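Tertiary structure, described
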Amino acid sequence: MTKKDLHSERVFEGLGVSPGIGIGYAYVRESGIPSVPEYHISLTRIDDEQARFKTAVTKARRQIGQLRTKAKTLPGAASEELCFLLDAYSQMLKNSRLVRGVNKKIKEARLNAEAAVLSELTEISKSFQAMDDAYLAARLDDIREVANRLIRNLIKTPFKPFSQAPKGSIVAAEELTPADTAQLDPYRITGIATALGGAEGHTAIMARALELPAVLGAPGLLASVRPGETVIVDGSKGRIIINPRASTMAAYEKRQREYHDEIKRLTRLRDKPAITRD
């Protein structure tokens, strides 16, 4: 991409999973599983390594408990959705295939705990990807979120809070987990744009519950967007516009006003009886 291209309007097409128009400045967030060290342990270290993994699991349960407390403060649909999801995360941290598989790999393959988590996640991913069911395949994201949390706890890499994002930010990321999405403040964040993700995932459901315009699954997005650039997220049409021209900005500001006016009109009708004139 040339220097001239960086300052020109760029348009990316993706999946519009939460309607509305978000206009703001790019807050670029790195995501995904961090770099994982891999090494073999001695026979005498197996018990210690399994204990280290157990500590990471306990910490993850505590983190999820804290998220559940926060979830109860979210708007109705978002709170219910996230609490349901966090309950599923808690179950995965008990005697699930992931936990059993990691302990087995530590013991039999004598892998360090981080590498064992990643190895087990890879095997689970292969079986899920073979399923011809979009909903079940999307549940792999939930397993990946739990595995990612375990790995971060093991390598002591903390999660970066979204509270550092300036007001009026558009979050641009490779991918956002539902737990990430639940920590977005709608008064601070005006939209979501990611390179990965689909309409069937919990992240999309959370974005709709929080009424944040969101476009997921826009390939090449992160290679093009830079922190602080002006971004428009059109969650209704599945479009992300970086560095919009003046005419584009004016058109979207008009659409944004019209959308908000329509929401206000519908809100006034919310409590009226659902009956026809006849």
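What comes next is a walk through the structure. It should be emphasised that the depicted structure is a prediction, and the values quoted were computed from it without experimental measurement.

Describing the sheet that holds strand S5 (residues 189-194)
Strand order in the open sheet formed by eight strands is S1-S8-S7-S3-S4-S5-S6-S2, with mixed pairing between adjacent strands. Each end of this open sheet is capped by a strand with a single partner; those strands are strand S1 (10-13) and strand S2 (15-18). With direction set aside, neighbouring strand axes in the sheet form an average angle of 30°. Judged from the five bridges that link them, strand S3 (residues 21-29) and strand S4 (residues 169-173) form a sheet pairing that is parallel.

Brief notes about the pattern of salt bridges
Oppositely charged side chains are able to pair whenever their charged atoms sit close together. Under the defined criterion, the tally for this structure stands at 17 salt bridges. In this structure, Arg245 engages Glu9 in a salt bridge whose closest nitrogen and oxygen atoms are separated by 3.6 Å. With a gap of 236 residues between them, Arg245 in the loop between strand S8 (239-242) and helix H11 (246-269) and Glu9 in the loop between helix H1 (3-6) and S1 connect regions that are remote in the sequence. Several salt bridges share partner residues, and in doing so they unite Arg45, Asp48, Glu49, Arg52 and Glu114 into one network.

Details of helix H7 (residues 140-155)
Taking 1.5 Å as the rise per residue, H7 with 16 residues should run 22 Å; its terminal C-alpha atoms sit 22 Å apart, in good agreement. Across the 16 residues that make up H7, a large majority, 13, are buried. Positive phi appears at Lys156, one or two residues downstream of H7, with a value of about 60°.

Section: H11
Helix length check: H11 (24 residues) gives 35 Å between terminal C-alpha atoms against 34 Å at 1.5 Å per residue, within 8%. Listed as buried for H11 are Thr248, Met249, Tyr252 and Gln256. Turning to H11, the residues buried within the fold contact S3, strand S7 (230-234) and S8.

Remarks on the side chain of Asn153
With respect to the helices and strands, the residue Asn153 is situated in helix H7. Residue Asn153 is classed as buried on the basis of its relative accessible area, which comes to 9%. Looking at Asn153, its side chain comes within polar contact range of the main-chain oxygen of Ala56, at 3.3 Å.

Here is what the cut-offs are and how they apply
Residues numbered from 1 in each chain as written. Predicted model: local features only at pLDDT ≥ 70, side-chain atom pairs only at ≥ 80, totals over all residues. Heavy atoms only, no water. Pairing = 2+ DSSP bridges. Helix = DSSP H or I, 4+ residues; strand = E, 2+ residues; numbered from the N terminus. Axes fitted to C-alpha atoms, helices over the stretch in contact; angles between N-to-C directions. Salt bridge = Lys/Arg side-chain N within 4 Å of Asp/Glu carboxyl O. Expected span 1.5 Å × (residues − 1). Buried < 20%, exposed > 50% of the residue type's maximum accessible area, 1.4 Å probe, protein only. Contact = heavy atoms within 4.5 Å. Polar contact = N/O pair within 3.5 Å; in protein donor to acceptor, adjacent residues only side chain to side chain.

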